[in-house]
Amino acid sequence: MKITAAISKGPKAKFSIEEIELAEPNEKEILVRMLGVGICHTDIDWRDLNIGPAVFGHEGSGVVEKVGKQVTKVQAGDHVVLTFASCGVCDYCQSGEPSYCANFESLNCSGTRPDGSSTLFKDGSPIFGNFFAQSSFASHALANERNVVKVNQDAPIELLGPLGCGFQTGAGAVINVLHPRSGQTIAIFGTGAVGSAAIMAAVLTGCSQIIAVDINPKRLEIAKDLGATRTINPNENNPVQRIQELTGKKNGVDYTLECTGNPEVLLQAIDALGFRGICGMVGVGKVGAKFSLEMTKLLFGGRQLRGILEGDSVPDVFIPRLVALYKQGRFPFDRLIKTYPLEAFNQAVEDTITGKVVKSVIDFNQIG
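These notes cover the structure that comes with them.

Procedures and definitions
Residues numbered from 1 in each chain as written. Predicted model: local features only at pLDDT ≥ 70, side-chain atom pairs only at ≥ 80, totals over all residues. Heavy atoms only, no water. 1 Å grid on protein atoms, 1.4 Å probe; cavity = no way out; pocket = protein on both sides within 12 Å on 5 of 7 lines; lining within 4 Å. Points joined across faces, edges and corners; volume = space filled by probe spheres on them. Helix = DSSP H or I, 4+ residues; strand = E, 2+ residues; numbered from the N terminus. Nonpolar A, V, L, I, M, F, W, Y, C, P; charged D, E, K, R; others polar. Buried < 20%, exposed > 50% of the residue type's maximum accessible area, 1.4 Å probe, protein only. Arc of directions from axis to C-beta. Contact = heavy atoms within 4.5 Å. Polar contact = N/O pair within 3.5 Å; in protein donor to acceptor, adjacent residues only side chain to side chain. Expected span 1.5 Å × (residues − 1). Pairing = 2+ DSSP bridges. Axes fitted to C-alpha atoms, helices over the stretch in contact; angles between N-to-C directions. Salt bridge = Lys/Arg side-chain N within 4 Å of Asp/Glu carboxyl O.

## Observations regarding the layout of surface pockets
In this approach, a probe sized like a water molecule rolls over the atoms, and the result shows the empty space that is left. Here the second largest pocket is characterised by a volume of approximately 480 Å³. Lining of the second largest pocket is provided by 22 residues; of these, Lys28, Glu29, Leu107, Pro114 and Asn144 occupy positions nearest its centre. Secondary-structure elements contributing two or more residues to the lining of the second largest pocket are α3 (104-109) and β8 (140-144). Grouping the constituent residues of the lining of the second largest pocket by class yields eight nonpolar, seven polar and seven charged.

## What about helix α8 (residues 263-271)?
Along α8, the residues that are buried comprise Val265, Leu266, Ala269 and Ile270. Relative to the axis of α8, the buried residues are bounded by an arc of 145 degrees and lie together on one face. Contacts from the buried residues of α8 go to β10 (185-189), β13 (253-258), β14 (273-281), α9 (296-299) and β15 (304-307). The backbone nitrogen of Glu264 lies 2.8 Å from a side-chain oxygen of the residue at the head of α8, namely Asn262.

## Points about helix α10 (residues 315-327)
An α-helix turns once per 3.6 residues; consequently, residues spaced three or four apart project the same way. Compared with an ideal rise of 1.5 Å per residue, which puts 13 residues at 18 Å, α10 spans 18 Å between its outermost C-alpha atoms and is within 8% of the ideal. Of the residues making up α10, those classed as buried are Pro315, Phe318, Ile319, Leu322, Val323, Leu325 and Tyr326. Buried residues of α10, seen end-on, are gathered within an arc of 165 degrees and therefore sit on one face of the element. The inward-facing, buried residues of α10 abut β5 (79-82), β9 (148-151), α4 (166-178) and α5 (193-205).

## A short note on the sheet that holds strand β2 (residues 16-22)
Strand order in the open sheet made by the four strands is β1-β2-β6-β7, with antiparallel pairing throughout. Only two strands of the sheet have a single neighbouring strand rather than two, namely β1 (2-7) and β7 (125-127). Taking the axes of each pair of neighbouring strands and ignoring which way they run, one obtains an average angle of 55 degrees across the sheet. Summarising the sheet, β2 and strand β6 (residues 120-122) pair through two bridges and their orientation is antiparallel. In the strand pairing of β6, Leu22 is matched with Leu120.

## Brief notes about the pattern of salt bridges
Scanning all chains against the criterion turns up 17 salt bridges. As a salt-bridge pair, Lys297 and Asp271 come within 3.7 Å of each other at their nearest N and O atoms. Of this pair, Lys297 sits in helix α9 while Asp271 sits in helix α8; the two residues are 26 residues apart in sequence, bridging distant segments of the chain. With its nearest N and O atoms 2.7 Å apart, the salt bridge here joins Asp312 to Arg306.

## Focus: the side chain of Ser360
With respect to the secondary-structure elements, Ser360 resides in strand β17 (residues 359-363). The exposure class assigned to Ser360 is buried, which follows from its relative accessible area of 0%. Polar contacts involving the side chain of Ser360 include one to the side chain of Thr352, which spans 2.9 Å.

The structure is reproduced here in structure tokens:
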């Protein structure tokens with residue numbers, strides 16, 4: 001079928017809005033009419049790889065239009081959020097840890113279906129698609145039962161896409177992994193979409209001090225509005241020293257979360273930990289990025305460094321919970337979103353890169 005998509009033509013190039021062909025769903029696939037899709041820095045990082053024409057997008061939300069014969073999870077008319085793909089049969093998936101699926105890379109990043117066939121075509125030639133089993137920078141996308149999450153129809157479906165990745169990652173890192181107890185302390189380094197979701201989650205878990213660290217003054221103001229008890233701009237204060245002052249502890253906070261992917265910031269997040277503290281690492285650094293850490297920093301004081309993917313969530317469970325919290329006014333992620341029509345796609349990308357907005361979302365019903 002013919003669809004409209006934002007096509008990546010190469011590194012740093014602007015996206016082109018074009019008509020392309022989408023394959024018909026096979027027996028295990030689900031055709032979704034997109035109503036919204038978030039723009040994530042991961043999409044931009046992939047654009048800047050030299051892989052040729054491609055359709056990215058992995059924070060989609062919309063309405064099911066058609067399902068394959070073997071699909072039983074959803075039916076036409078259902079509202080769904082699209083998330084990452086997992087195989088469902090490896091040890092990690094079977095243990096309830098799908099974000100560490102043994103086949104994660106091939107299912108999410110190969111550009112084709114698992115059998116090697118293409119889902120997207122331009123002028124009869126296949127192009128890179130099936131990104132995170134969706135390629136949702138398009139009017140329609142193909143997904144499957146493992147990465148489709150059914151949600152209630154009383155929530156604004158056009159805004160729910162970022163729950164499939166960015167918001168799920170930040171909130172899940174706090175709720176599912178760090179597990180702070182009421183009254184404990186946390187510092188969050190980087191207050192973009194992921195860090196902002198983490199702040200809201202820290203409020204939900206009852207942290208007594210929620211310290212937001214960022215060099216963007218506007219984002220620090222947003223962090224305050226979301227529940228951060230203190231903010232630190234590293235351009236004005238040494239964050240480690242300031243955190244120690246704010247907590248009244250020489251050794252720092254109970255938990256830190258690093259959301260920038262910057263090795264220097266990661267070291268600060270580790271240095272800001274108190275005894276027995278845990279640093280969660282969710283920021284994706286550049287390929288090959290390394291950092292050097294004195295071993296005794298972890299050993300003495302019993303500190304931990306923990307890598308976290310997709311918030312360690314089981315999407316079918318966690319995403320509906322976040323929607324329910326949103327409807328109660330306790331997880332107001334919509335305050336982070338600015339919507340754009342598809343025609344303004346490149347402006348949305350630019351605003352994401354510059355940090356002008358926390359989360360850009362393409363609303364397919366919005367007229368440019």
